[in-house]
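What follows is the residue order along each chain.
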Amino acid sequence: MGARPDRARIAETDFSAVSLYAAIASTGLVVHRATETLRPGLLDDPAAELLRQPAGTPVFVSDRTTYVLDESPVVFDRATILGTVMEIRTERVATGLSLRWSRLKH
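Procedures and definitions
Residues numbered from 1 in each chain as written. Predicted model: local features only at pLDDT ≥ 70, side-chain atom pairs only at ≥ 80, totals over all residues. Heavy atoms only, no water. Salt bridge = Lys/Arg side-chain N within 4 Å of Asp/Glu carboxyl O. Helix = DSSP H or I, 4+ residues; strand = E, 2+ residues; numbered from the N terminus. Buried < 20%, exposed > 50% of the residue type's maximum accessible area, 1.4 Å probe, protein only. Core = buried A, V, L, I, M, F, W, Y, C linked by side-chain atoms within 4.5 Å. Pairing = 2+ DSSP bridges.

A closer look at the pattern of salt bridges
Taken as a whole and assessed by the stated rule, the structure comprises five salt bridges. In this structure, the salt-bridge partner of Arg78 is Asp63, at a minimum N-O distance of 2.5 Å. Of this pair, Arg78 sits in strand 3 (residues 73-82) while Asp63 sits in strand 2 (residues 58-68), and the two are 15 residues apart along the sequence. Judged by relative accessible area, which is 52%, Arg78 ranks as exposed. Given the relative accessible area of 15%, Asp63 is considered buried. Asp77 serves as the salt-bridge partner of Arg64, at 3.2 Å between the closest nitrogen and oxygen. You can see Arg64 sitting in strand 2 and its partner Asp77 sitting in strand 3, a full 13 residues away along the chain. With relative accessibility at 22%, the residue Arg64 sits in the partly exposed group.

Laid out in structure tokens, this is it:
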């Protein structure tokens, strides 16, 4: 497939302003798919400080691997999501599944 993406360029991206897929696309790669595991966890000390929450606060931990067209993994990322600000909804039918994440409105 040629040269790998500029990992430093992706790693230095401000993901509060640019989506992961846009950052990958800026390297010339095309995202094909991603696998994601979402599990419960507890906020550790470094993340608690960054999120201004007490350590031990319940969170969701998302581990995602993103693959490009030749099935090569291009990015592994982990997100810590406060349960107080995120809602995950699924809609299931006999032939599939719809999953939607949304920010809780307070």
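Notes on the nonpolar core
Counting residues in each nonpolar core, the largest one holds seven residues, listed as Ile10, Leu20, Ile24, Leu29, Val68, Val74 and Val75. Contributing elements (two or more residues each) for this core: helix 2 (20-25) and strand 3. Residues Ala47, Ala48, Val59 and Leu82 belong to the second largest nonpolar core, which totals six residues.

Quick word on the pairing of strand 2
Within strand 2, eight of the 11 residues are buried, leaving the element largely enclosed by the surrounding structure. Note: strand 2 against strand 3, nine bridges, orientation antiparallel. When the sheet's bridge partners are listed, Val59 is paired in strand 3 with Leu82. Between the end of strand 2 and the start of strand 3, which pair antiparallel, lie four residues, with Glu71 showing a positive phi angle near 70 degrees.

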